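What follows is the residue order along each chain.
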Amino acid sequence: PGLLAVVPVMALVTAIGLSWAFVVAGLTTSPQDATPLDTYVSFGLYLFTGAMLPLAAFPDWLQQVAHVIPYTGLIETMRGVALDGRPLSAFGPELAIAGVWLVLLGVAATRAYRFVR
């Protein structure tokens, strides 16, 4: 049952990643430009989420910045639900930060990406 509870979190991670990809695709002129830009930014985002290195290893100011990165809270949520058996409702602030990012990136994606038929 705990693994089933992380499905909405995984959907949120996917939606944020796709929104970011549409922003990058809209701001660049070609796939050759989009790929490195997405790689550079995504690596930085993932590096400071606590998934690759523990957040405690970073300076205090960087730990504070890391908590507003959308993936940081979602990784904490997935760990808490899947590994500790905590309810999804225990992660309100983390899910709220991710929700704000989803809205911001969604708006940015609709403005940046050229939806052409």
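For the structure, check the block above.
Worth saying up front: this structure is predicted, and the values here are computed from it rather than measured.

**Q** Explanation requested: the side chain of Glu94 in the structure shown.
**A** Relative to the assigned elements, Glu94 resides in helix H6 (residues 92-112). Despite its burial, Glu94 remains without a salt bridge, the nearest opposite charge being carried by Arg86 at 6.4 Å. Excluding residues within four positions of it along the chain, Glu94 makes contact with Gly73, Glu76 and Thr77.

**Q** Would you explain the nonpolar core in this entry?
**A** In summary, soluble globular proteins display a tendency toward joint burial of nonpolar side chains. Core analysis: the largest hydrophobic core is formed by nine residues, namely Val9, Leu12, Ile16, Val23, Tyr71, Leu74, Ala98, Leu105 and Ala109. Mapped by element, the contributors of at least two residues to this core are helix H2 (7-27), helix H5 (70-82) and H6. The element contributing the most residues to this core is H2, with four residues. Once residues within four sequence positions are removed from consideration, Val23 is found in contact with Leu105, Ala108, Ala109 and Ala112.

**Q** Looking at this structure, I do not really get the packing of H2 against H5. What am I missing?
**A** At a closest axis distance of 10 Å, the pairing of H2 and H5 adopts a crossing angle of 165°. The angle between H2 and H5 falls in the class roughly antiparallel. H5 is crossed by H2, and the crossing has left-handed handedness. Between H2, through Val9, Met10, Leu12, Val13, Ile16 and Gly17, and H5, the contact on the second element is made entirely by Pro70, Tyr71, Leu74, Thr77 and Met78. For the contact of H2 with H5, a count of residues per class yields nine nonpolar, two polar and no charged.

**Q** How do you make sense of H6 when you look at a structure like this?
**A** Helical geometry: 3.6 residues make up each α-helical turn, so side chains three or four residues apart lie on a common side. The terminal C-alpha atoms of H6 lie 30 Å apart, and with 21 residues this matches the ideal 30 Å at 1.5 Å per residue to within 8%. Burial in H6 covers these residues: Glu94, Ala98, Leu105, Ala109 and Ala112. One face of H6 carries all of its buried residues, which in axial projection span an arc of 65°. Counted as exposed and oriented over 90 degrees from the buried face of H6: Pro93, Val103, Leu104, Thr110 and Arg111. Residues of H6 that are buried in the fold lie against H2 and H5.

**Q** What should I look at first to understand the packing of aromatic side chains in this one?
**A** Aromatic ring pairs are defined here through the distance separating the ring centres and the angle between the ring planes. Applying the stated criterion across every chain, the model contains three aromatic pairs. Measuring from centroid to centroid gives 5.2 Å for Tyr46 and Tyr71, while their planes differ by 40°, and the two rings are tilted. Here Tyr46, found in helix H3 (residues 31-47), pairs with Tyr71, found in helix H5; they are 25 residues apart in sequence, far enough to count as distant. On the basis of relative accessible area, Tyr46 is assigned to the partly exposed category, the value being 38%. Of the residues examined, Tyr71 reaches a relative accessible area of 6% and is grouped as buried.

**Q** When you look at the side chain of Thr28 in this model, what are you seeing that I'm missing?
**A** Turning to its location among the elements, Thr28 is positioned in the loop between H2 and H3. Here the side chain of Thr28 touches Val24 through a polar contact of 2.9 Å, landing on its backbone oxygen.

**Q** Just checking my understanding: could you explain the packing of H2 against H6 for this structure?
**A** The packing of two helices is summarised by the inter-axis angle and the distance between the axes. In contact at an axis separation of 8 Å, H2 and H6 are set at 30° when each is read in the N-to-C sense. In terms of orientation, H2 lies roughly parallel with respect to H6. For the pair H2 and H6, the sense of crossing is left-handed. Residues Val9, Leu12, Ala15, Ile16, Ser19, Trp20, Phe22, Val23, Gly26 and Leu27 of H2 form the contact with H6, whose own contacting residues are Leu95, Ala98, Leu102, Leu105, Gly106, Ala108, Ala109 and Ala112.

Criteria and thresholds
- Per chain, residues are indexed from 1 in the order of the written sequence.
- Thresholds applied to this predicted model are a pLDDT of at least 70 for local features of residues and 80 or more for the giving and counting of side-chain atom pairs; totals over whole chains, interfaces and linings are not thresholded and use all residues.
- Each side-chain value is derived from all of the structure's non-hydrogen atoms; neither hydrogens nor water enter the calculation.
- Each helix is a run of DSSP H or I of at least 4 residues and each strand a run of E of at least 2, with the numbering of both proceeding from the N terminus.
- Residue burial is assigned from relative accessible area. The probe radius is 1.4 Å, only protein chains are included, and a residue is buried under 20% of its type maximum, exposed over 50%, and partly exposed in between.
- Neither His nor the chain ends is counted toward charge; the positive residues are Lys and Arg and the negative residues Asp and Glu.
- Any carboxyl oxygen of Asp or Glu that lies within 4 Å of a side-chain nitrogen of Lys or Arg is treated as forming a salt bridge with it.
- In what follows, a contact means two residues having at least one pair of non-hydrogen atoms within 4.5 Å.
- Among buried residues, the Ala, Val, Leu, Ile, Met, Phe, Trp, Tyr and Cys ones that are joined through side-chain atoms within 4.5 Å form a nonpolar core.
- Interaxial angles span 0 to 180 degrees and are taken between N-to-C directions of axes, which are lines fitted to C-alpha atoms, for helices over the stretch in contact.
- Angle categories: roughly parallel below 35 degrees, roughly antiparallel above 145, roughly perpendicular from 65 to 115, and oblique for all the rest.
- Handedness of a helix crossing follows the sense of rotation of the near helix relative to the far helix, less than a right angle counterclockwise being left-handed and clockwise being right-handed.
- Here the term charged refers only to Asp, Glu, Lys and Arg, the term nonpolar to Ala, Val, Leu, Ile, Met, Phe, Trp, Tyr, Cys and Pro, and the term polar to all other amino acids, Gly among them.
- For a helix, the expected span equals 1.5 Å multiplied by the residue count minus one.
- To obtain the arc, one takes the directions from the helix axis to the C-beta atoms.
- When two rings of Phe, Tyr or Trp (its six-membered ring) have centres within 6.5 Å they constitute a pair, described as stacked for plane angles under 30 degrees, edge-to-face for angles over 60, and tilted for the intermediate range.
- Within 3.5 Å is the distance limit for a polar contact, defined as a pair of N or O atoms, with the added protein rule that one can donate a hydrogen and the other accept it, and that residues adjacent in sequence qualify only through two side-chain atoms.

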